[in-house]
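The primary structure of each chain is shown beneath.
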Amino acid sequence: MKPSIASKLARLGERLDEVGRLLSSEDATHDIDSYRRLSRERAELEPVVALYHAHQACAADIATALEMAGDPDMREFADAEVKQGRARLEQIEADLQKQLLPKDPNDERNVFLEIRAGTGGDEAALFSGDLFRMYSRFAERNRWQVEIISESPGEKGGFKEIIARIVGQGAYSVLKFESGAHRVQRVPATEAQGRIHTSACTVAVLPEVDDVSDVVLNPADLRIDTFRASGAGGQHINKTDSAVRITHLPTGTVVECQDGRSQHKNKAQAMAVLAARIKDKEEREAHAKQSAARKSLVGSGDRSERIRTYNFPQGRVTDHRINLTLYKMDHIMDGDIGELTNALMAEQQTEQLAALADEG
């Protein structure tokens, strides 16, 4: 192990002890936000420090075995112990390297999922409905909650646009690579000639901010309109101006929320989505500058980039970023997208390890 890494790990061990003392102090819960941050930090540090301690113990075992090798009666046993110990040490070092990779500070956050029908008219709206069902089923598999914030139904089904909040630990780490253009090739139910049509939807996955106040939004930059909600929602919602539309004037970002009966709740939800969009835009711009020299294969963040094609006649789904094709359309559309998300996460990790090797 490089001395610089050993030194860093020793400092992390000291920091874990310090965080433990802070969390066990009598006034630890006086500041709830600070308590949450420290708890999150402890959860991140514990597996790294545990591996570091395992590395130290393994190195000590190898040193003991090497000493035993000086005794002719113990040499065979000691050599086997050294061989096993070095293999274990190699695995621990590989695990430590992964743990030390730069972490996305948003990975553990809840997300806002936005799906919009693109080219393809009614068929694109139907496909956006299929995508929403796919992500909803995936959320169920992970025991995450899905809350619809805003929806604009398509004329023949599906959605022109739908925004939902997905609540679950690590939701962003798993879903962040879903942002981009999703293309579908299939024969629409309305197509008499049996011709295959190509349609597209755009998906955006935004990390929820801890607190709307974390994002600087000047009230003078906001135009807030109230209006009557359209579509289904019961008699009460259609008789009051409970729907809210917020426009962020500097960027032209518009958020509508009309699913709740309370104007106050709709405004709060719309502000949360707006804050997430503004923060996401700022972070993507910063990321673009940082990665100009080394373009990330899976995390470019370009919403217009075609990332995946769903070809129904052939029953195949292809992710173009990692050249992965799966022939399990029915399972994927039913929410079984773990093979895709895991492959994308693994690819990012490979890229990060390559970048770390380049730096070293």
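Presented here is a report on the structure given in the accompanying data block. The model shown is predicted, which means the values in this text are computed figures rather than measured ones.

**Examining the packing of helix α2 (residues 32–68) against helix α3 (residues 75–99)**
Thinking step 1. The contact between α2 and α3 brings their axes to 9 Å, and the two run at 160 degrees. Between α2 and α3, the angle falls in the class roughly antiparallel. Pair α2 / α3 crosses with left-handed handedness.
Thinking step 2. Along the lines of polarity and charge, the residues of the contact of α2 with α3 split into 17 nonpolar, 3 polar and 6 charged.

**Structural notes on the sheet that holds strand β4 (residues 180–186)**
Thinking step 1. With respect to topology, 8 strands assemble into an open sheet ordered β2-β3-β1-β5-β4-β9-β10-β11, the strand pairing being mixed. Here the strands that pair on one side only, and so sit at the sheet edges, are β2 (145–153) and β11 (324–326). When strand polarity is set aside, the average angle formed by the axes of neighbouring strands in this sheet is 15 degrees.
Thinking step 2. Two strands pair when backbone bridges link them, and β2 and strand β3 (residues 159–167) are joined in this way by 8 bridges, in the antiparallel orientation. Within the sheet, the bridge partner assigned to Q145 lies in β3 and is V167.
Thinking step 3. Along the sheet, helix α4 (residues 122–141) makes contact with β1 (111–117), β2, β3, β4, β5 (197–207) and β9 (306–311), crossing β4 at roughly 115 degrees.

Parameters at a glance
- Residues numbered from 1 in each chain as written.
- Predicted model: local features only at pLDDT ≥ 70, side-chain atom pairs only at ≥ 80, totals over all residues.
- Heavy atoms only, no water.
- Axes fitted to C-alpha atoms, helices over the stretch in contact; angles between N-to-C directions.
- Helix = DSSP H or I, 4+ residues; strand = E, 2+ residues; numbered from the N terminus.
- Parallel < 35°, antiparallel > 145°, perpendicular 65-115°, else oblique.
- Left-handed = near helix turned anticlockwise from the far one by under 90°.
- Nonpolar A, V, L, I, M, F, W, Y, C, P; charged D, E, K, R; others polar.
- Pairing = 2+ DSSP bridges.
- Contact = heavy atoms within 4.5 Å.

Keep in mind these numbers describe shape, not what the thing actually does.
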